[in-house]
Structure formats: C-alpha cells, structure tokens
Amino acid sequence: MLPDFDKNAAYIWAVYAIGATAILVTALIVIFRARASKSALARAEAQIREEDAA
Amino acid sequence: MFSWFANPHRFLSLSNWLAPACYAGGLILMIWGMWQGLWVVPKDDYQGGDIMRVMFMHVPTAWLAMASYSALAVMSFIWFIWRHEVADVAAKAIAPLGAVWTAICLATGSIWGKPTWGTWWQWDDARMMSVLFMFFLFLGYMALRAAMDTRQKAARAGAILAMVGAINVPLIHYSVEMFTSLHQTASVITSSGPKMSAVYLWPLLSCALGQSLLFAGLVQTQMRTEIRDRRTAKLRAQLMAGG
Amino acid sequence: MSAQPIFAAFRQALAEAWAGGAGALLPLGFFAGTAVLVPLGIGTDPATLRAVGPGILWVALALSSLVTLERIFQADTEDGALDLWLQTEAPPSAIAAAKTLAHFLTAGLPLALLSPLLALMFQAQASTGLLVNAAYYAVGGLAFYFWGGVGAALSATVRRGGLLISLIALPLYVPTAIFGAMAMTDAPGSQNAPLLLAASALFALAVAPFAMAAALRLAAD
C-alpha cells in the first residue's frame, strides 16, 4: 500500500521517480555497453584465431 | 600499495565477484532504507512535514557527488604520478557516473526546494551552487577527454584538469558560502538545524551506503568495459597489421 | 638557466596580441559591445542599470578573457614554437606565465582601465570609487587570464578549442567573480572581499603556471 503523505506528496514521489529512473537508465546503459564490448572482444578474438589457423 | 591494484588482471578477477556483490548489497540497503524512509519513519513537522522524506534520496546523491569528484581527483593524481593504467581507467569510468549523480542531486534538491523555499532554484543556497559548479567541472573533464585524439593524451589532459579542479573546489565552496551568507533568506532547513534523531539516521545511512555500493558496482562494470574495449582495439590493430 | 627565453616569449606574445587586429582595440570593442547590449536587453531603467552594472562588467571581462585566450598557445603548437620554448633552459611554467601576462596586459588591463567609463554609462555616480573598482577589475582579470590560460593550454591541440576553454575555465572563475562583485558592494560582511579577491588572484598566479606547463608538455608530444 502506498503511504499517505501530507500536502507535498507530488514532490516526494517526483524526487523518488526521478532518482530511480535516472539510476535505472544509467545502469541499463552501463550493462548494454558491457555486453556490446564483450561481443566485440569475442568477435575480434575469433578473427585472430581464424587468421592463426589459416 | 597502489601497484597491487594497478595490475589489470588482478582488477578483473577482483571485480568479477566484487561488482555483483556491490550491486546486491547496494540494492538491499537502498530498498530497506527507502522503505523505512517512505513508509516507516514518522514525519518530522519541524522539517516541513512529509517532504523531509525526500532526504533519503537526495542526501546520498549529494554525498556521492562530492565523493565521486574526490575519487576522480585521487585517481587522476595516482595516474599522473605513478602512471598506473587502472587508475586512468577508473577516472574515465567515474566521470560520467559522477555527472549523472550530480545531476540527480541538483534535480532532487530543486524539487525539495520548491515546497520548502517556495522556489525551484535558490541562488542563495551555498550547497546548491557548489554542486552546480561541481557538475560543470565534471562536464569540462568529460569534454576535454573527448576532444583529445589519443587515449594517452586524454588521460594526461584529464588528470591535469581534475587536479586543478580539485584544488579549486574548497575555494569555490568558501566563496559561494560567503556569497550566500550575504543574502540569507528564511529557510526551514538550515545547516545549523536541529540534530537528526536516530529514527532517521539509520535509514539515511543505509540509503547512502546503498547508493555508494551501487555506484561502486557501476564504476567497476564501466572499468571492465573500458579494459575490454582497449583489448579489442589492440586485437583489431594486430589484425590490421597482420592482414 | 637564463631568463632570456622568458623575456623573448613575453615580447613575442605582446607583439602577437598587439598585431592581431587593431591591438588592444579588439578586446576593448568586445568588452564594450557586450556591456552595451545589456541595457538593450533588460531596459534602460537607471536604478536597474546601476544595480547590475558592476556585475555585467565582471561577466564581460570574463568573456573577453576567454575570447582572447583561445589562440594563445594554439599558434605555438602549430608552428613549432612550442617545441622551441620547451627546449630552452627556462622553466616552461615561467614561459607560460610570461605569455599569459602579456595577453593580460594587452587585453585585460585596458578593459579594467576602461571600466570607469562603462560604469558611468551604467548610471554609476562619478567618484573615486570607480577608480578603486578599476583596480579590482584589474586584479580579478589577472586571475581570469591565468585560469583561462590553463584551459587554453589544455585545449591547445584541440580544433575549435574556444568552447572547451569556456567550459573548463568558468568554474575556476567563480571565486574571483564572487569576491570581485562583493568588493564592489558595501553589504555587511564584504569588508574582507578586496583581500580575498587579491588572494584568489595570487592563488591563480601560484598554481596556474604549473598546470599550464604540464598541459604544454602534453601538447608538444
């Protein structure tokens, strides 16, 4: 159940929404970048192995 | 002591378990602290009623804005003196995250200001102004790094700027404090306000530690990304040279 | 170690600043132009202008320092003069300081000297206080130029470095701008502001040359 705040409820929820959204979006970008770099490294390593084999 | 951490492999194996641990611990502490802050603790009428619950989100971001700039300066110093690459990787990872947290601090502080001071932006508040200038320092640092054409140059230029900024931060803070003391306006919350009671202290500490752990986890993930990117670039260069 | 390269750098920068388009007239024109735009923007009410005048002049001074400093080290990195400076026995910090000082003398100081005139246009009362204020502008301008020099040295190898200089240097201008503006008010608590203004300029003089030297070594690599 959501708590019942006095007159400033909108401000309180706005602060938590902004903080949570910003942190979440940042975390998603960080995770996305980590995944992209992992696959890029894997591709480069695979290419190196191919060249070595050839 | 720094040399022990300066080894990228050691950092990678350490952060392999430390980063997830930071995420888990940070989330638990943040959720507990915010649950306490929003649902459990009583409102403090002396601090403007329920609006003081904003503190559990805002105050940790302010602490992290300060701490992340200090960390950036320390990492820059370590890199500048000892040229440990991991320190530069850390500085590069800290800057954008620190800028995000500083921006959250400004936004939430501004929303807190509206019902308490009656205005979204209080030029007379020293803390607000100091954080704003810290935000600019972060932006300048990132812009300078981005403008340099090689990694080595970006690291050097960034380190010089971060150190110059860091020695200026106390002066900026002092001058802003003096500036704002000239036009004091009545505000409900002052730095010399009533001492915080223990009911609020533990949830606040929990939120602060939780956000710090989350921040530390994100920094480590970003550092791992950067180290991988550098390795990929090296392999690509090898491929180009070989083929 | 000899001081000869330092004087050479000073003279070269002086000549450069003087020759680069009508001497000191160019920054003066910029300074005056910026200041004159303000009444057009905010209206001509004398009381308002009197209140904002000193602050506008501080802003104009800060902006003009950024504009003049954009090329202070850039030309030297392009034509190789920087490598020559760094090979001399003189410390690079002294050379950087000499060049910055030369630019301050040709661009910053004239602005400070012109400030009483502009203050009168902003409806200030004619008094000797305006001359004192001119001295404050000169001292504050010195700090602006040295911090701006750090930004200029850091972005010496960057194309379109001017915008970068502003972003880097403006937070460093804050204490000087605050103390300078406070020195011109008679609000309670501002008695020490002139001393603090001087202290912030001394701080810039003490720290900035070393940061500039480190940045120039980087630019030369």
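Residues numbered from 1 in each chain as written. Chains lettered and ligands numbered in written order. Predicted model: local features only at pLDDT ≥ 70, side-chain atom pairs only at ≥ 80, totals over all residues. Heavy atoms only, no water.

**Some thoughts on the overall build of chain C**
And step 1. When its secondary structure is counted, chain C shows 9 helices and 0 strands.
And step 2. Computed over its C-alpha atoms, the radius of gyration of chain C comes to 18 Å, within 12% of the 17 Å expected for a compact globule of 221 residues.
And step 3. In terms of overall dimensions, chain C has C-alpha extents of about 55 × 35 × 30 Å along its principal axes.
And step 4. The 221 residues of chain C split such that 53% are buried.
And step 5. A separation of at least 24 residues holds for 80% of the contacts in chain C among residues at least 6 apart in sequence.
And step 6. For chain C, the exposed area adds up to about 9300 Å²; of that, 69% sits on carbon and sulfur atoms.
And step 7. Side-chain charges in chain C split into 7 positive and 10 negative, and the spacing between the mean points of these groups amounts to 3 Å. (Helix = DSSP H or I, 4+ residues; strand = E, 2+ residues; numbered from the N terminus. Rg over C-alpha atoms; globule rule 2.2 N^0.38 Å. Buried < 20%, exposed > 50% of the residue type's maximum accessible area, 1.4 Å probe, protein only. Contact = heavy atoms within 4.5 Å. Areas by Shrake-Rupley, 256 points an atom, 1.4 Å probe, with all protein chains shown as cover. Lys, Arg positive; Asp, Glu negative; His and termini not counted. Charge placed at Lys NZ, Arg CZ, Asp CG, Glu CD.)

**Examining the side chain of His58(B)**
Residues and elements named next belong to chain B.
And step 1. Residue position: His 58 is located in helix α3 (residues 55-82).
And step 2. On the accessibility criterion, His 58 (14% relative accessible area) is buried.
And step 3. Among the polar contacts made by the side chain of His 58, one reaches the main-chain carbonyl oxygen of Cys 105 at a distance of 3.4 Å.
And step 4. What His 58 contacts, discounting residues up to four positions off in sequence, is Cys 105, Thr 108, Gly 109 and Trp 112. (Polar contact = N/O pair within 3.5 Å; in protein donor to acceptor, adjacent residues only side chain to side chain.)

**Considerations on the interface of chain B and chain C**
And step 1. On the chain C side, the residues contacting the 27 residues of chain B number 27 residues.
And step 2. Interface of chain B and chain C: buried area, both sides summed, is about 2500 Å²; carbon and sulfur atoms make up 83% of it.
And step 3. The tally of links between chain B and chain C comes to 1 salt bridge.
And step 4. With a shortest N-O distance of 2.6 Å, Asp221(C) and Arg156(B) are connected by a salt bridge. (Buried area = accessible area lost by both parts, 1.4 Å probe. Salt bridge = Lys/Arg side-chain N within 4 Å of Asp/Glu carboxyl O.)

**Observations concerning the confidence of the model for chain C**
All names here are of chain C.
And step 1. In the predicted model, chain C carries a mean pLDDT of 85, and 96% of its residues have values of at least 70.
And step 2. No element of chain C has a lower mean pLDDT than helix α1 (residues 4-19), which averages 78, and none a higher one than helix α7 (residues 129-154), which averages 93.
And step 3. Scoring of the predicted complex yields 0.89 for pTM and 0.90 for ipTM. (pLDDT = per-residue confidence, 0-100.)

**Quick look at the interface of chain B and chain A**
And step 1. Taken together, the contact between chain B and chain A spans 38 residues of the former and 33 residues of the latter.
And step 2. Across the chain B to chain A interface the summed buried area is about 3200 Å²; carbon plus sulfur atoms make up 73%.
And step 3. Applying the counting rule to chain B against chain A returns 2 salt bridges.
And step 4. Among the salt bridges present, the one from Arg231(B) reaches Glu45(A), with a minimum N-O distance of 3.5 Å.
And step 5. Summed over the shared surface of chain B and chain A, the number is 5 residue pairs in polar contact (both at pLDDT 80 or more).
And step 6. For the side of chain B that touches chain A, the secondary-structure elements that each account for two or more residues are α2 (8-40), α3, α4 (85-117) and α7 (198-242) of chain B.
And step 7. For the side of chain B that touches chain A, a count of residues per class yields 20 nonpolar, 10 polar and 8 charged. (Nonpolar A, V, L, I, M, F, W, Y, C, P; charged D, E, K, R; others polar.)

**With respect to the arrangement of the chains**
And step 1. Among the 2 pairs of chains that make contact, the interface with the largest number of contacts is formed by chains A and B.
And step 2. One finds no contact linking chain A with chain C; the least C-alpha distance across the pair is 24 Å.

**Section: empty space enclosed by the protein**
In this approach a probe as big as a water molecule rolls over the atoms, and the regions it shows empty are the leftover space.
And step 1. Taken as a whole, this structure holds 2 cavities of 30 Å³ or more when the rule is applied.
And step 2. In this structure, the largest cavity spans a volume of roughly 60 Å³.
And step 3. What lines the largest cavity is simply Phe73(C), Asp76(C), Leu82(C), Trp85(C), Leu86(C), Pro92(C), Ile95(C), Ala96(C), Lys99(C) and Leu216(C).
And step 4. Of all the secondary structure elements, the ones that give two or more residues to the lining of the largest cavity are α5 (81-87) and α6 (92-121) of chain C.
And step 5. For the lining of the largest cavity, a count of residues per class yields 8 nonpolar, no polar and 2 charged.
And step 6. The calculated volume of the second largest cavity comes to roughly 40 Å³.
And step 7. Lining the second largest cavity, in full, are Ser130(B), Phe133(B), Met134(B), Leu137(B), Val169(B), Ile172(B) and His173(B).
And step 8. Elements that contribute at least two residues to the lining of the second largest cavity include exactly α5 (126-147) and α6 (151-182) of chain B.
And step 9. Take the lining of the second largest cavity: its biggest share by element is 4 residues, from α5(B).
And step 10. Its residues placed into classes, the lining of the second largest cavity shows 5 nonpolar, 2 polar and no charged. (1 Å grid on protein atoms, 1.4 Å probe; cavity = no way out; pocket = protein on both sides within 12 Å on 5 of 7 lines; lining within 4 Å. Points joined across faces, edges and corners; volume = space filled by probe spheres on them.)

**Thoughts on a nonpolar patch on the surface**
And step 1. On the surface, a nonpolar cluster with roughly 860 Å² of combined accessible area is contributed by Leu2(A), Trp32(B), Trp35(B), Trp39(B), Val40(B), Leu201(B), Trp202(B) and Leu205(B).
And step 2. At the level of secondary structure, the elements contributing two or more residues to the nonpolar patch comprise α2 and α7 of chain B.
And step 3. When residues in the nonpolar patch are grouped by element, the largest group, 4 residues, is from α2(B).
And step 4. Structurally, Trp35(B) is set in helix α2.
And step 5. Given a relative accessible area of 43%, Trp35(B) falls into the partly exposed group. (Patch = residues over 30% accessible without salt bridge, like charges linked within 9 Å, V, L, I, M, F, W, Y side chains within 5 Å.)

**Concerning the pattern of salt bridges**
Residue and element names in this part refer to chain C.
And step 1. Enumeration over the complete set of coordinates arrives at 10 salt bridges over all chains.
And step 2. Across the salt bridge formed by Lys 99 and Asp 76, the nearest N and O atoms sit 2.3 Å from each other. With Lys 99 in helix α6 and Asp 76 in helix α4 (residues 74-79), this pair connects stretches of sequence that are 23 residues apart.
And step 3. Overall, Lys 99 belongs to the buried group, its relative accessible area being 1%.
And step 4. A relative accessible area of 1% places Asp 76 in the buried class.

**A few points about α3(B)**
And step 1. The terminal C-alpha atoms of α3(B), which comprises 28 residues, lie 39 Å apart, in line with the 40 Å expected from a rise of 1.5 Å per residue.
And step 2. Once α3(B) finishes, Arg83(B) follows within two positions and takes phi at roughly 55°, a positive value. (Expected span 1.5 Å × (residues − 1).)

**Some points on the packing of aromatic side chains**
Residues and elements named next belong to chain B.
And step 1. For the structure on display, the rule yields 10 aromatic pairs over all chains.
And step 2. Relative to Phe 138, the ring of Tyr 69 has its centre 5.3 Å away and its plane inclined at 80°; by these criteria the two rings are edge-to-face. Residue Tyr 69 is found in helix α3, and its partner Phe 138 is found in helix α5; the two are separated by 69 residues along the sequence. In terms of burial, Tyr 69 and Phe 138 fall into one category: buried.
And step 3. Ring plane angle 85° and centroid distance 5.1 Å describe the contact between Trp 101 and Phe 215, whose orientation is recorded as edge-to-face. (Phe/Tyr/Trp six-rings, centres within 6.5 Å; stacked < 30°, edge-to-face > 60°.)

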